[in-house]
Protein chains: 4
Amino acid sequence: MIIIMSPTATRENLKKVQDKIVSMGLTYHMSKGASRTIVGVIGDKKVISSLQMKAFDGVEKTVQITEKYKLVSREFKPNDSVVNVGGVLVGGGNLAVMAGPCAVESMEQLLEAAECVKAGGANFLRGGAFKPRTSPYDFQGLAEQGLKMLKEAGEKTGLKVVTEIVDVNAVDLVCKYADVLQVGARNMQNFELLKAVGRSQKPVLLKRGLSATISEWLNAAEYILSEGNYNVILCERGIRTYETFTRNTLDLSAVAAVKELSHLPVIVDPSHGTGRWQMVRPMARAAIAAGADGLMIEVHPHPEIALSDGDQSLTPENFQSVMDEVHKIAKAMESK
Amino acid sequence: MIIIMSPTATRENLKKVQDKIVSMGLTYHMSKGASRTIVGVIGDKKVISSLQMKAFDGVEKTVQITEKYKLVSREFKPNDSVVNVGGVLVGGGNLAVMAGPCAVESMEQLLEAAECVKAGGANFLRGGAFKPRTSPYDFQGLAEQGLKMLKEAGEKTGLKVVTEIVDVNAVDLVCKYADVLQVGARNMQNFELLKAVGRSQKPVLLKRGLSATISEWLNAAEYILSEGNYNVILCERGIRTYETFTRNTLDLSAVAAVKELSHLPVIVDPSHGTGRWQMVRPMARAAIAAGADGLMIEVHPHPEIALSDGDQSLTPENFQSVMDEVHKIAKAMESK
Amino acid sequence: MIIIMSPTATRENLKKVQDKIVSMGLTYHMSKGASRTIVGVIGDKKVISSLQMKAFDGVEKTVQITEKYKLVSREFKPNDSVVNVGGVLVGGGNLAVMAGPCAVESMEQLLEAAECVKAGGANFLRGGAFKPRTSPYDFQGLAEQGLKMLKEAGEKTGLKVVTEIVDVNAVDLVCKYADVLQVGARNMQNFELLKAVGRSQKPVLLKRGLSATISEWLNAAEYILSEGNYNVILCERGIRTYETFTRNTLDLSAVAAVKELSHLPVIVDPSHGTGRWQMVRPMARAAIAAGADGLMIEVHPHPEIALSDGDQSLTPENFQSVMDEVHKIAKAMESK
Amino acid sequence: MIIIMSPTATRENLKKVQDKIVSMGLTYHMSKGASRTIVGVIGDKKVISSLQMKAFDGVEKTVQITEKYKLVSREFKPNDSVVNVGGVLVGGGNLAVMAGPCAVESMEQLLEAAECVKAGGANFLRGGAFKPRTSPYDFQGLAEQGLKMLKEAGEKTGLKVVTEIVDVNAVDLVCKYADVLQVGARNMQNFELLKAVGRSQKPVLLKRGLSATISEWLNAAEYILSEGNYNVILCERGIRTYETFTRNTLDLSAVAAVKELSHLPVIVDPSHGTGRWQMVRPMARAAIAAGADGLMIEVHPHPEIALSDGDQSLTPENFQSVMDEVHKIAKAMESK
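Residues numbered from 1 in each chain as written. Chains lettered and ligands numbered in written order. Predicted model: local features only at pLDDT ≥ 70, side-chain atom pairs only at ≥ 80, totals over all residues. Heavy atoms only, no water.

## What to know about the relation of the copies chain B and chain A
Under the convention used in this document: For this overlay, a least-squares fit was computed on C-alpha atoms, restricted to residues scoring pLDDT of at least 70 in both copies. By definition, residues are in contact when any of their heavy atoms lie within 4.5 Å.
Least-squares fitting of chain B to chain A yields an RMSD of 0.0 Å, with the superposition described by an axial translation of 0.0 Å and a rotation of 180°. Within this description, the copies of the chain are treated as partners about a two-fold rotation axis. Among all C-alpha atoms of chain B, that of Ser211(B) lies closest to the rotation axis, at 3.1 Å. A share of 100% of interface residues in chain B that are also interface residues in chain A marks the association as one of identical surfaces.

## Re the interface of chain C and chain D
Stated precisely, the cut-off is as follows: Summed over both partners, the accessible area lost on bringing two parts together, with a 1.4 Å probe, is the buried area. Salt bridge, as used here: a side-chain nitrogen of Lys or Arg that lies within 4 Å of a carboxyl oxygen of Asp or Glu. In protein, a polar contact requires one atom able to donate a hydrogen and another able to accept it; more generally it is a pair of N or O atoms within 3.5 Å, and residues adjacent in sequence count only if both atoms are side-chain atoms. Under the scheme used here, helices are H or I runs from DSSP no shorter than 4 residues and strands are E runs no shorter than 2 residues, and both carry numbers assigned from the N terminus. Throughout, the ten residues Ala, Val, Leu, Ile, Met, Phe, Trp, Tyr, Cys and Pro are labelled nonpolar, Asp, Glu, Lys and Arg are labelled charged, and all others, Gly among them, are labelled polar.
Taken together, the contact between chain C and chain D spans 49 residues of the former and 49 residues of the latter. When chain C packs against chain D, close to 4400 Å² is buried across both sides, 46% of that on carbon and sulfur atoms. Taken together, chain C and chain D are joined by four salt bridges. Here Asp138(D) ties to Lys68(C) by a salt bridge, and the two come within 3.0 Å at their closest N and O atoms. At the surface where chain C touches chain D, the tally comes to 24 residue pairs in polar contact (both at pLDDT 80 or more). The set of elements that each furnish at least two residues to the side of chain C that touches chain D consists of helix H2 (45-49), helix H6 (191-199) and helix H7 (214-225) of chain C. Considering every element that reaches the side of chain C that touches chain D, the biggest residue donor is H7(C), with four residues. Residue classes in the side of chain C that touches chain D are distributed as 18 nonpolar, 15 polar and 16 charged.

## Concerning the interface of chain B and chain A
On the side of chain A, 49 residues touch chain B, which itself brings 49 residues to the contact. Linking chain B with chain A are 24 residue pairs in polar contact (both at pLDDT 80 or more). Going through the elements one at a time, helix H2 (45-49), helix H6 (191-199) and helix H7 (214-225) of chain B are the ones with two or more residues in the side of chain B that touches chain A. It is H7(B) that provides the largest number of residues to the side of chain B that touches chain A, a total of four residues. A per-class count over the side of chain B that touches chain A returns 18 nonpolar, 15 polar and 16 charged.

Here is the structure:
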C-alpha cells in the first residue's frame, strides 16, 4: 500500500501514520516529493489490506498495490488451468460449447433442443431449473423436475449438463443431476453460495456480475478456490452500461484481461451479453477470436413460445449456422 | 405491451404476432403509422409480461407499458407506509437515524459507539455481525457472538438494532437478536434470501443493489411483500458509475423517484454512498432535503483502528455535529 | 508518479526505467516490497505527467499522485472564489438563481418567463439562442435574434443574462449580449472553445460533461483559467449512468467534491439533471443542502408548447413554490 | 410517438393531449388497456419529434418509436456504403488498416512509423497534429508543421493520411494535407465541427463519443450527411464504464449494431479502446471477427519515448505480428 500524505499534513499526522504501520508489524519506506510525502507500506499482504489509513488526519489518499486474490492469479500458477468435466476438457485449447434453452420447460422441448445443439457441435447442455427472475410473478423454473429432465436429456445425447444453482441449501440436490454448477451474475457476490459450491467438488461456472469489476470477479472465484474447489470456469456475460440498444454490453476485453491475470478458463455468453438473437452470431465469432475457451448460447426449438428469454434464443437452424462460422474462426485461431 | 413492427414486416409476420396474442387469451389494437405498424396488447398484466415477442420475425422492438411490481406501488396504495419497529416509526414524517460501526468488533467498541450515537439523536444502532466482503481473506464478522453484543448494546441504550443477514439459513437466528433485518446491496437480487425474510414478520431494510435500476429495486421489494411481509424500508446507498473520486455515486434523485412510484419509506446511507467520511456531512443534509425518511451513518469510536470501512466512518464528535446540521434541515423541511 | 514493477521484472527492466527517469531530469526513490519493487518519481509535475512508463517492459502499472490542474485547485488558492457578474456575486454565501426557458422562442415568451423568474427570486435569466441538439432536424435556436431578445429582457427585468456558446467564432458576438458565457456539457472538452472563452474576460459557466470525471471537469476549467480568465462558475447537471427513470443521474456529491478540491463556485441544474419537472423541487432543495452556491432551473410560461425540453420545465407557479422551499433550506444552511 | 396516460388521468387531461396533437397537424389512435390509456401519434416524423408531451398533466411517459436520423439508416439505403479514399476503399469487404503514432513528433519518428505500418499491411497512416488533451499542460501537437510531415510521409510510403481536426476554422487547412478528417470522441457532439466537415467533401472518420449511445452516434453522423457529405466512416473506440482495468470498455457489439441500423462502414480502435498495448492483439482479432471493416492502431517506433499514449502503442515488431493474426481472421471471415 502507498499512502499519499496531504500537502498540509503535519509532522504529528505523519508520526501517527508511521506508528500505526509499525504497530501492525509492518515496515515502511518514506519518499518526499515536491509537494507531498509518500509512505510505502511493506509486509504481509493480508495485514496491509486490513489497514484503514484514509481515516487518519493528513492522509490524502491510499493506493492498493497488489490484488487480494492469490489462488486464482497467474502469478500463483503460471500455466493455464484445464477443467475436466467427466472427460470433457474446458480450457487449454479445447472449444467448450454450452447450449440449450434458458429454462427447462418440458421433456420434449429439452430433448429437441439437446439433440439440435449436439448436432451443431455443442458438448454441454445448458438449461435452468431454478430461474432467478427480476419479478416474483415471472416463471421461476421446474425445480427438481427440471433437474431430472436435464440429466435424462444429457444422458440420451451424451452432453454434459450445466445448470444454475440459486440456493445454498440445494447444492447436494443439484450435484445429483448436474455436471457443472452455474453461479449466475446476480449471485456473483452471494458469498455463502460461493463457499457452498467451493465445498463441493463439482466444476463451477462463475458468471461475472452485472456490474462487477474484473478484480471483484476474480475475488469471487477466489472464494471457491479457497474452499478447496479448483474447478472453476469463468463466464463473461455482459456488463451494465448506459447503452440501451443491447441488453448488456458484452465486454470481450475481459477475456483478454482474465487471460493476463488468471490461469482459469473463461467462456463467453453472447446471448445474455447482447439480449438480441441477431447479435449472437457476430459476438460468438468475436469471443473466440478474443481468445475465449468456449461459448454459452441460448437455443430454443421454438423461441417464440419460450417461457423466458425467447428474445435472445437462436433457432436450431441459426445455431447450426453460427457454429459453422465459429468453427472457422476457431481454426484460424489454432494456426496463429 | 406495445409491439413495433419493422418497416419490412410482411402481412404474414403480422398475422403470426396477432395469432400469438390471441392464443394467450389477450386482445390487441392496431395502429398504422407512416412507416411502421404498431400493435398494442391488452389484457392480464402477468400474461402480457410473459410474452417474448422480439423472437418473432418482423418485430423491431417491444415496449413494456407497466411495471411488474404491484404491492409496492403507489398506484396500489396511495398513502405513505409507516413501518413500526417496536414503537419507533419509520416514514410518515419521522426521522429515522441508524448509526453505528460497520462491523461489530467487541462489546467495548460497540457500547461506546451506541452511547455516542444515542447522544447524537440516533434511534437505531447499526452494526454487522456477518460481513459480506469482496475478498475471502477480509474480516468476516463475529457471527452470533456479534449478534448478542448488538442486542445487549441495544437494550442498554434503548436503541433498536439493525443488522445484515447474508444467509437464508440464518433468518431465525438473526430474528432472535435484531429488530430490523438488513438485506445488503450485493444480495438485493438474492431472491431466495428475499423470500426468506418475506416469510418472517420482522421489518426489513432493503438496500439498493450496486447497479440496480429503481425498477429492479422495487421488484426486489415486491418479492418480500408478496410473501406477506409489508414492513419494508428502502435504503439508497450509492450506485456504481465511472466516477472514481467517490466509492459510489449517491443517487439522491432515487429518493424522489421512490416517493413517486411507491408508498414505502426510504432512507439514505451517505457513508457507503460516498466512501469518504468528509462527504457524509453534506450528503446527509442533502438526503433529508431530498425528502428521505432517515439516514444510515457509520460511526466508529476510533475509525483509524476499525476492522472495516474506517475510511468512511465518522468519529463521535463529527457525528454529533453532522446531526446538528441534519436537524436544522429537517426542521426547515417540516415547515415547507 | 509511482511505478509498480511486475514480480517478473528483471534488473535490466528496472535499470531502463531508472535511466529514463534520470534522463528526464527527475530523480527517484526505490522501495522493495514482498513481491514487487516500487519506484517513486520525484521532480517537476509537468515533466512527470509526460512520462509514458507503462510502455516499458517489466512495468505492471503506474499511479499518478497529483492532479494536473493547478490554478483551479484549493491547494493553489485556499479561499473560496467569488465571481462578480456586473455586481451580482456568485459564491461566498450568495445564492445564485439562474432561471428561464431552455430556448429563446419569442420576445413575448422570454419576457413572460423573465418577469416570473424575477418575481420568484432569480437573479439571472437563462435561455438558449444557439441550441446544441442531438439531431440536425431539431430546433437549433434563434441565433443573434435570440441574443438580442435576451439582452432586452435582461435589461427590462434587471436580470443578468447567461446563455450558451457553441461556436469558437461567436465569442465576440455572444459577449456583446450576455453577462455569462455558458459552455455546455457536450462541449466541456471542446478545448478550442475553452481557450476562446478563456481569452475573453466574461464570466464563464462551465457545465460538467455527460460522463466527465470530476478531475476532467476541473482540468477543463483549468484551460479557461490558464488563458487568464479566472471568472469560472462550475455547474453540475447530471451524469450518464445505466438508470433510465431519470434523464441523467444528478451527482450532488460532486458539489462536495468540488468544494474540497477547488475554490471555484459551483451551482446545480436539477432540470437537466433529472429531466423530469416533478423532480426539480426535491433536487433543488437537496442541491442547496449539499452546499451548492446556486441553481439553474428551466422555467417556461407554457411548458406544453415549449420548442425544447418542455418535459423538464417548471411553470411559473411551480417555480415560485420551489423557490419558497429553496429559501427555507438556504436559511437553515446559513445558521449551520 | 406513443403517449401513455397515467391511471389517474382525467378526461380533460386526455382531451388536451388530443387537441395538442391535432393542432400540430398530426392524427392519433386511441387504445384503452386495463389500467392505462395509450395514444399513438401518427404523422410527420419531424413534427412528432418536436412534441413535448410529458409536460402535459396526466401523461405518465412517452415512447419514441422511430429514430430521428434518416440518411445514415439502412432503412434509407439498404446496401453497404463503400467510402473511396483516393482509390483506397473502406467498407464492402475491404480491410482498412489505419496505423501510426498517436501524435506526430518529428519527421524521423513519423517516417519510421509509416514505413513499418506499410510493411505490416496498413493502407492508412494515422497521426495527430492537433491533440485534444485533458490538461492544458500536456503536449498539444505540432499543428501545421505536423500536417506537412504527415503529407510527406504519406506520399513517400503510398499511404493515405488520416488526422484529427479539432477546430472549426481549420477545415481548409487540414483538407490541404489529409485524405481523411478525423472527428475525435470528445468532439462527437461538437455540432459546429460536424457541420463544417459536412460542408467539405473529404471523407470523415467519426469516432464514437466516450459515453455516446449508438443512436447519438448515428445522429452525429447524420449532421455530416445532412450537409451533403456522404463519405463517413464510423469508428468504435471504447466507451466509459465503471471498469478501471482497461482505459475504456471496447464495445464490439456496437459494430454489429451499426451494421444492422446503418449502411456506413465501421472500424475499431483497440488501442484507445483498451489503453493497454498487450490487449490490442486479441481485440484487433475480435473486431474483425465481429464484422468490422477495419482497424485503427497506434504504432510507435519507440513507445517508451512517445510524447502521448505510449502506454497503448505497439512496437513495429508487435504490429507486424498482430497483423499476421488479423489477416488469418479476415481470411476466415471471407469464407463464411
